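Tertiary structure, described
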Amino acid sequence: MKKSLFLLMLTASLGAYAANHEVKMLDNGKDGSMVFEPGYVNAKVGDTVTFKAANKGHWVQSKALPDGVADFLSEDGKDFTLKLDKEGVYVYTCPPHRMMNMSGVIQVGKPVNKAKAQAVVDELENRAMQSKGRLKKYMQQVK
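In the nomenclature of an unreviewed UniProt entry, the chain corresponds to Putative pseudoazurin from the organism Neisseria mucosa.

See below:
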């Protein structure tokens, strides 16, 4: 009984320290047009990221994820919250603006899938028609 109560209290206290990171989906931002802001987020396991639909016509889709994390796809023009349950690198994009390199990176703890995520970033960069190098710059922040 004491052990169960201790585990419950420990779990509750760890959840109290989880952060929520806000990423805006914008037509124009600090890094140019059609951008997630910020484009790189460094988070901890248990944190959440809320993608805010600051402008209509944007949504978010996963492109690279740590093993065991389910793909995600939000709805057009709606806020979307992602719970970060696994360590690794999360790469995502806005499907209608992928060619404009509207993409971003979330690092959660250690970058255990960095090589796979880098391959996805390289492919997205090669296919981008505008803002080349932006996603690569975000990925360079992964340590």
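1. Thoughts on the environment of K24
By the secondary structure assignment, K24 is in strand β1 (residues 20–29). Discounting chain neighbours no more than four positions away, the residues touching K24 are V35, F36, E37 and K52.

2. Digging into the side chain of S103
Note that S103 resides in strand β8 (residues 103–108). Take S103: its relative accessible area is 2%, and that puts it in the buried class. Of note is the side chain of S103, whose polar atom sits 3.1 Å from the side chain of T93. Not counting the four nearest positions on each side in its chain, S103 is found in contact with F36, Y92, T93, L124, L135 and Y138.

3. Observations regarding the packing of aromatic side chains
Following the criterion strictly, the structure yields five aromatic pairs and no others. With centroids separated by 6.1 Å and ring planes inclined at 75°, the aromatic side chains of F36 and F51 adopt a geometry described as edge-to-face. Here F36, found in strand β2 (residues 32–37), pairs with F51, found in strand β4 (residues 48–53); they are 15 residues apart in sequence, far enough to count as distant. Judged by relative accessible area, F51 falls into the buried class, the value being 0%. By the ring-pair criterion, three or more aromatic residues cluster together here, those being F36, F51, F72, F80 and Y92.

4. A short note on helix α2 (residues 114–127)
Three- or four-residue spacings in an α-helix give side chains the same orientation, since the helix completes a turn every 3.6 residues. Given a rise of 1.5 Å per residue, 14 residues ought to cover 20 Å, and the 20 Å separating the end C-alpha atoms of α2 matches this to within 8%. Residues of α2 that are buried include every one of A117, V121, L124 and E125, and no others. Buried residues of α2 fall within an arc of 100° about the axis and therefore sit on the same side. In α2, the exposed positions that point more than 90 degrees away from the buried face belong to A115, K116 and N126. On the buried face of α2, the contacting elements are β5 (61–64), β7 (88–93), β8 and α3 (134–139).

Conventions and cut-offs
Residues numbered from 1 in each chain as written. Predicted model: local features only at pLDDT ≥ 70, side-chain atom pairs only at ≥ 80, totals over all residues. Heavy atoms only, no water. Helix = DSSP H or I, 4+ residues; strand = E, 2+ residues; numbered from the N terminus. Contact = heavy atoms within 4.5 Å. Buried < 20%, exposed > 50% of the residue type's maximum accessible area, 1.4 Å probe, protein only. Polar contact = N/O pair within 3.5 Å; in protein donor to acceptor, adjacent residues only side chain to side chain. Phe/Tyr/Trp six-rings, centres within 6.5 Å; stacked < 30°, edge-to-face > 60°. Expected span 1.5 Å × (residues − 1). Arc of directions from axis to C-beta.

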